[in-house]
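A structural walkthrough
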Amino acid sequence: MATMKSVKTGAPNTIDVVEAERPVPGPKDVLVRIRACGICGTDTFFVELGGTPYGPEGPTDSVVPLPLGHEPAGEIVEVGAQVDGLKAGDRVVVNPQGVPSGIIGCGGAHGGMSEYLLLEDAEVGRTVAVVPDTLPFDVASLNEPMAVALHCVNRSGATPSDKVLVFGAGPIGLGVTIWLKLRGVQHVVVADVLPERLDTALEIGADAVIDSAAEDVTARLVELHGEAANALGQPRAGTDLYIDAAGVPAVFNSTVDAAKWGARLVMVALQKKSADLDLGGMLRSELTLISSQGYPTEIFEVTPELAAHQERFARLISHRVPFSDVTRAFDLARTPGAAEKVVVTFDDPE
């Protein structure tokens, strides 16, 4: 029996690297040798809990261990007899939500933080996309989070004339910034509390940054975007669009304080604790709140753009850690401020 190493949740705040049976693809499946897999905030959430608190019908009273990793990139090593358009040696990214056995790495039967991944019902353009040989595997592993970021921009309705503030310079916030600039948006500001993340924001194309731990966000926005007013004529910043990629209550408060008449706020970050919303302030600005979840259509729309702008996207990766040191990779990802984007890389399995 051929085996492989795979990462699962262990006791709360730990991971287990286990020896598992290597999957055998059926006639409609492919087997992917993983070459890189990113670590997401969802992974660290499951690690903190020791598994998933969700069953088929919703939240449960207990947690169940689960395979981790939903940001994989790799190469096909076996192809089922009924699979069209794919062959051994193809370099691919996957749609974690496109397989019948549940979301890859988020409660499903399989996880991408493994030496091999079974991709069921493989179909080009639905469950899998082939990437060019010129795209490094570590950058290709950004495909899934960059689809999240693109969906946020699509939901925002951003136009070139908009002036935008992105809260949070983590991978999603920086990805949003790249997509906004590729769309031709006039002026994009990024706010964060970590100077090194703000440096990265400038490197990938932000027009300005705000250290929200040391600066008055509204005052800086007035400097950068001019002065406007809310529905009552009270002075406000001229910012058209706010993006919450930080997931902290201060974002809502800062947005309401700064928002002009008709401004928009898009919420893409996971909200671990709800903020007390100033509904009166929202009313006075007719602030539109838009939520953004996942990537209904964007999962493979981003793939050619990743290849075309790979040097820009590569700047989002702060740490590349070999699979042999995967515990350290998760420790980095779980430590606030220690890393921006951690990608685990895989050597050839023995």
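Within every chain, residues take consecutive numbers counted from 1 along the sequence as written. Where totals are concerned, whole chains, interfaces and linings use all residues; where local detail is concerned, this predicted model gives features only for residues with pLDDT of at least 70, and gives and counts side-chain atom pairs only at 80 or more. For side-chain calculations, the full set of non-hydrogen atoms in the structure is used, while hydrogens and water are omitted.

We count a stretch as a helix when DSSP gives it H or I for four or more residues in a row; a strand needs E for two or more, and each element gets its number in order from the N terminus. In this structure, His 70 sits in the loop between β5 (58-64) and β6 (72-79). In this structure the C-alpha to C-alpha distance between His 70 and Cys 37, which are 33 residues apart in sequence, comes to 7.5 Å. The contact definition used throughout considers only heavy atoms, calling two residues in contact when any of these lie within 4.5 Å. In this view, His 70 contacts Cys 37, Cys 40, Thr 42, Asp 43, Pro 96, Ile 104, Gly 105, Cys 106 and Glu 144; residues no more than four positions away in its chain are not counted.

On to the state of the cysteines. In this description, the term disulfide denotes a pair of cysteine sulfurs within 2.5 Å. All told, the structure shown has 0 disulfides when counted by the stated rule. With no disulfide of its own, Cys 152 lies closest to Cys 40 among cysteine sulfurs, the gap being 14 Å. The buried label goes to any residue with under 20% of its type's maximum accessible area, the exposed label to any with over 50%, and the partly exposed label to all in between, with areas taken from a 1.4 Å probe on protein chains only. Overall, the relative accessible area of 0% leaves Cys 152 in the buried class.

Next up on the list: the environment of Gly 102. Looking at where Gly 102 falls in the secondary structure, it is placed in the loop between β7 (91-94) and β8 (116-119). On the basis of relative accessible area, Gly 102 is assigned to the partly exposed category, the value being 27%. In sequence terms Gly 102 and His 187 are 85 residues apart; their C-alpha atoms lie 40 Å from each other.

To estimate how far a helix should extend, the number of its residues minus one is multiplied by 1.5 Å. Look at helix α3 (residues 143-156): 20 Å from first C-alpha to last across 14 residues, which is about the 20 Å you get at 1.5 Å a residue. Where burial is concerned, most of α3 is hidden: 12 out of the 14 residues are buried. For α3, the complete set of buried residues consists of Asn 143, Glu 144, Pro 145, Met 146, Ala 147, Val 148, Ala 149, Leu 150, His 151, Cys 152, Val 153 and Ser 156. Where α3 terminates, the next one or two residues include Gly 157, which has phi positive at roughly 70°.

Bringing the side chain of Asp 43 into the picture now. Note on placement: Asp 43 falls in helix α1 (residues 41-49). A positive count includes Lys and Arg, and a negative count includes Asp and Glu. His and the chain ends are not counted in either. Throughout this description, the term salt bridge denotes a Lys or Arg side-chain nitrogen within 4 Å of a carboxyl oxygen of Asp or Glu. Among buried Asp, Glu, Lys and Arg side chains, Asp 43 stands out as unpaired, with Lys 341 the closest opposite charge at 6.6 Å. Side-chain atoms alone can form a polar contact between residues adjacent in sequence; in general such a contact is a pair of N or O atoms within 3.5 Å, and within protein one must be able to donate a hydrogen while the other accepts it. Here the side chain of Asp 43 touches Cys 40 through a polar contact of 2.8 Å, landing on its backbone nitrogen.

The subject of this paragraph is the sheet that holds strand β11 (residues 187-192). In this description, strands pair whenever DSSP reports at least two bridges between them. Pairing in this open sheet of 6 strands is parallel, and the strands run β12-β11-β10-β15-β16-β17 from one edge to the other. On the outer flanks of this sheet lie β12 (208-211) and β17 (288-291), each paired with one strand and no other. For this sheet the average axis-to-axis angle between neighbouring strands, irrespective of direction, equals 20°. The pairing of β11 with β12 spans 4 bridges and is classified as parallel. Residue pairing in the sheet places Ala 191 in a bridge with Ile 210 of β12. Throughout, an axis means a line fitted to C-alpha atoms (over the contacting stretch in the case of helices), and angles, computed between N-to-C directions, take values from 0 to 180 degrees. Across the face of the sheet, helix α6 (residues 217-225) comes into contact with β10 (163-167), β11, β12 and β15 (241-244) while running at roughly 165° to β12.

With that settled, consider the packing of α1 against helix α11 (residues 326-334). Closest axis-to-axis distance for the α1/α11 pair is 10 Å, and the angle between their directions is 100°. Between α1 and α11, the angle is such that the two are roughly perpendicular. Of α11, the residues touching α1 (which contributes Asp 43, Thr 44, Val 47 and Glu 48) are Phe 330, Ala 333 and Arg 334. Ten residues, namely Ala, Val, Leu, Ile, Met, Phe, Trp, Tyr, Cys and Pro, are considered nonpolar, four, namely Asp, Glu, Lys and Arg, are considered charged, and the remaining ones, Gly among them, are considered polar. Residues that form the contact of α1 with α11 fall into these classes: 3 nonpolar, 1 polar and 3 charged. Each angle receives one of four descriptions, namely roughly parallel if under 35 degrees, roughly antiparallel if over 145, roughly perpendicular if within 65 to 115, and oblique otherwise.

Turning next to the nonpolar core. Residues belong to a common nonpolar core when they are buried Ala, Val, Leu, Ile, Met, Phe, Trp, Tyr or Cys residues joined through side-chain atoms within 4.5 Å. In this structure, Leu 180, Ile 243 and Phe 313 are the most contacted members of the largest nonpolar core, which totals 50 residues. If one sorts the elements of this core by residue count, α3 sits on top with 7 residues. Beyond its immediate sequence surroundings of up to four residues, Phe 313 is in contact with Val 139, Leu 142, Met 146, Ile 178, Trp 179, Glu 305 and Leu 306. By size, the runner-up hydrophobic cluster in this structure holds 33 residues, among which are Val 7, Ile 76, Met 113 and Leu 117.

What the rule picks out here adds up to 13 salt bridges. In this structure, Arg 35 and Glu 75 form a salt bridge, with 2.5 Å as the shortest nitrogen-oxygen distance. Of this pair, Arg 35 sits in strand β3 (residues 30-38) while Glu 75 is found in strand β6, placing the two residues 40 residues apart along the sequence. As a salt-bridge pair, Arg 220 and Glu 215 come within 3.0 Å of each other at their nearest N and O atoms. The class of Arg 220 is buried, set by a relative accessible area of 19%. Given the relative accessible area of 30%, Glu 215 is considered partly exposed. The network of salt bridges with shared partners includes Arg 33, Arg 35 and Glu 75.

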